[in-house]
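# An overview of the molecular structure
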Amino acid sequence: MRAIVQDRYGPPETLALADVDTPVPAADEVLVRVEAAALNAYDWHVMRGDPRLSRLALGLTRPRARIRGRDVAGRVEAVGAGVRQIRPGDAVFADLGEADGAFAEYVCVPERLVAPRPANLSPEQAAALPLAGATGLQGLRDAGQVRPGHRVLINGASGGVGTLAVQLAKALGATVTGVCRTRNVDLVRSLGADHVVDYTRDDFTRAGRRYDVVFDLVGNRSLRALRRALTPTGTLVLSGGGVYRGGSLIGPVGLLARGRLTAPFVRQRIVALATSPGRAHLDALREHAEAGRLTVAIDRTYSLHEVPDAIRYLETEHARAKVVVTI
C-alpha cells in the first residue's frame, strides 16, 4: 500500500510517499480502508519534533510511529478475532492517538478507538471530527463544565478545533463569543457565535467583558491577560497549538505549566487540557452531528501525495476550519 512516511524530524520535505506493507489487524483491531484523513496541529508538532521537549515522549531522533496522520474515516476491510462490535463493511471514523498512521491507504485501529461514522457526513467531514471534536467536547463539557446561560469565549474560533467548539458551546446552551482574524469573522458568525471579536482590531483581554469560561486554543496571550477576561470564579481552559515559528524548546508547554502552577493559588479555575481518544467521545460527536447541532467546515482538500503541502499550509498559514486529505 502507499503511505506518507517519515524517518527523521524536520520540515514537510522529510515526508515521503512510499510503498509499505499493508498492516494485519491484531485480535483487538480492525483494518480500515482509508477514504479520508484530517490534519491537526498535532501532525506538524510530531513531524518537526517541536517543541523539542516533546521528543522525550515521541522519540529522541525520529517519531516512533513512521506513518503520519491521526484522524481517519473509511470502511472496515477485516477485523481481529476478538472484535465484537465492528464488522467488515462498516463505515467508521477514529482518532488513532499517538499510534498515528492515517495518511495511508490502510490502517489498523484498536476497536476501542473506532465508532460508526455519522450517517449524514461525508468521509471527508467525518475524518475532520475525531481529535478536533473531542478536544472541543472535553474542553467545554468536561474541563469547562459549561452550562446553559454561561458566557463562553473561544480564542481561535476559526481553527480546526475552534469551528467545532463554537457549535458545541452553543449546543451546551452557552452565549458564545468567538475570537478570530478579519477574514474569518463571517465564518465564525455563520457557525452560531453570538458575538465575534476581530483580534486585529480589538483585544478581548482589555475590553472589560468577563466570561464564565475562556477556552484558549492559540496560546498567544499571557496567563495574566487570559485571567483578566474571566469572572472572579470563571474557568480558563488551556489548549493552544499555535503555528510554527522556527522551533522551540517548550512551546505551548510553558503556558500550560504556568497554568498548573498558578491554579492552586487563585479562585479562578485553570485547567491545562489533556485529551484522550476513545469510543465515548466519537459517539457523542456522532449524536451531535446527526442531530444537526454540529457541521464540519473544510478549508482545503489535498490528495495523499500532497500531504507535505497540506502540512506546510497548516503550520504556517493560519488555516481556517479543517484541512483534509482524500485517499
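Refer to the preceding data block for the structure.
Computed from a predicted structure; not experimentally measured.

### As for the overall build of the chain
- Along the backbone of the chain there are ten helices and 15 strands.
- In summary, the chain has a C-alpha radius of gyration of 19 Å against a globular reference of 20 Å for 327 residues, a match within 12%.
- Along the three orthogonal principal directions, the C-alpha set of the chain runs to about 55 × 40 × 40 Å.
- The buried share of the chain, taken over its 327 residues, is 54%.
- Expressed as a percentage of contacts within the chain between residues at least 6 apart in sequence, the contacts between residues at least 24 apart total 69%.
- Approximately 13800 Å² of the chain is accessible, and the part contributed by carbon and sulfur atoms is 48%.
- Averaged over its 43 positive side-chain charges, the chain has a centre that lies 8 Å from the centre of its 34 negative ones.

### Some details on a nonpolar patch on the surface
- On the surface, Leu53, Leu56 and Leu60 cluster together into a nonpolar patch covering about 330 Å² of accessible area.
- Within the secondary structure, Leu60 sits in the loop between α2 (55-58) and β4 (71-79).

### Some points on the packing of helix α1 (residues 41-48) against helix α10 (residues 307-316)
- It is at 9 Å that the axes of α1 and α10 come closest, and there the two elements cross at 105 degrees. Classified by the angle their axes make, α1 and α10 are roughly perpendicular. Along its contact with α1, which presents Ala41, Asp43, Trp44, Met47 and Arg48, the element α10 presents Ile311, Leu314 and Glu315.
- When the residues that make up the contact of α1 with α10 are grouped by side-chain class, the tally is five nonpolar, no polar and three charged.

### A closer look at the side chain of Arg286
- As for its placement among the helices and strands, Arg286 is situated in helix α9 (residues 279-290).
- By relative accessible area, which is 17% here, Arg286 ends up buried.
- A distance of 3.0 Å separates a polar side-chain atom of Arg286 from the backbone oxygen of Pro116.
- A polar side-chain atom of Arg286 sits 2.9 Å from a polar atom in the side chain of Asp283.
- If sequence neighbours within four positions are ignored, Arg286 has contacts with Phe93, Ala115, Pro116, Arg117 and Pro118.

### As for the packing of helix α4 (residues 130-143) against helix α5 (residues 160-171)
- Orientation of α4 relative to α5, taken along the N-to-C sense of each, is 45 degrees, at an axis distance of 8 Å. Considering the angle they form, α4 stands oblique to α5. Crossing of α4 over α5 shows right-handed handedness. Across the interface between the two elements, Ala132, Gly133, Thr135, Gly136, Leu137 and Leu140 of α4 pack against Gly160, Val161, Leu164, Ala165, Leu168 and Ala169 of α5.
- Counted by class, the contact of α4 with α5 contains eight nonpolar, four polar and no charged residues.

### Quick look at the pairing of strand β1 (residues 2-6)
- Among the five residues of β1, four are classified as buried, and the element is accordingly described as predominantly covered.
- Bridging between β1 and strand β2 (residues 15-19) involves five bridges; their strand directions are antiparallel. By the bridge assignment for β2, Ile4 is matched with Leu17.

### Digging into the sheet that holds strand β12 (residues 230-238)
- Within the open sheet, the six strands sit side by side as β10-β9-β8-β11-β12-β13. Their pairing is parallel. Here the strands that pair on one side only, and so sit at the sheet edges, are β10 (195-198) and β13 (269-272). Each adjacent strand pair in this sheet contributes to an overall mean axis angle of 15 degrees, direction not counted.
- Across four bridges, strand β8 (residues 151-155) lies against strand β11 (residues 211-216) in parallel orientation. By the bridge assignment, Val152 is partnered in β11 with Val213.
- Contacts between α4 and the sheet are confined to β8, β11, β12 and β13, with β11 contributing the most and set at about 155 degrees to the helix.
- Relative to β8, α5 is tilted by about 175 degrees, and along the sheet it contacts β8, β9 (175-180) and β11.

### Overview of the pattern of salt bridges
- By the definition in use, this model includes 19 salt bridges.
- Asp194 is paired through a salt bridge with Lys170; the nearest N and O atoms lie 3.0 Å apart. Of the two residues, Asp194 is situated in the loop between α6 (185-190) and β10 and Lys170 in helix α5; the sequence distance between them amounts to 24 residues.
- By relative accessible area, Asp194 is classed as partly exposed at 37%.
- A relative accessible area of 31% means that Lys170 is categorised as partly exposed.
- Between Arg206 and Asp203 there is a salt bridge; the shortest N-O distance is 4.0 Å.
- Since its relative accessible area comes to 63%, Arg206 is described here as exposed.
- A residue is classified by how much of its surface remains accessible, and Asp203, at 26% relative accessible area, is partly exposed.
- Within this structure, Glu13, Asp309 and Arg312 form a network of salt bridges that share partners.

Criteria and thresholds
Residues numbered from 1 in each chain as written. Predicted model: local features only at pLDDT ≥ 70, side-chain atom pairs only at ≥ 80, totals over all residues. Heavy atoms only, no water. Helix = DSSP H or I, 4+ residues; strand = E, 2+ residues; numbered from the N terminus. Rg over C-alpha atoms; globule rule 2.2 N^0.38 Å. Buried < 20%, exposed > 50% of the residue type's maximum accessible area, 1.4 Å probe, protein only. Contact = heavy atoms within 4.5 Å. Areas by Shrake-Rupley, 256 points an atom, 1.4 Å probe, with all protein chains shown as cover. Lys, Arg positive; Asp, Glu negative; His and termini not counted. Charge placed at Lys NZ, Arg CZ, Asp CG, Glu CD. Patch = residues over 30% accessible without salt bridge, like charges linked within 9 Å, V, L, I, M, F, W, Y side chains within 5 Å. Salt bridge = Lys/Arg side-chain N within 4 Å of Asp/Glu carboxyl O. Axes fitted to C-alpha atoms, helices over the stretch in contact; angles between N-to-C directions. Parallel < 35°, antiparallel > 145°, perpendicular 65-115°, else oblique. Nonpolar A, V, L, I, M, F, W, Y, C, P; charged D, E, K, R; others polar. Polar contact = N/O pair within 3.5 Å; in protein donor to acceptor, adjacent residues only side chain to side chain. Left-handed = near helix turned anticlockwise from the far one by under 90°. Pairing = 2+ DSSP bridges.

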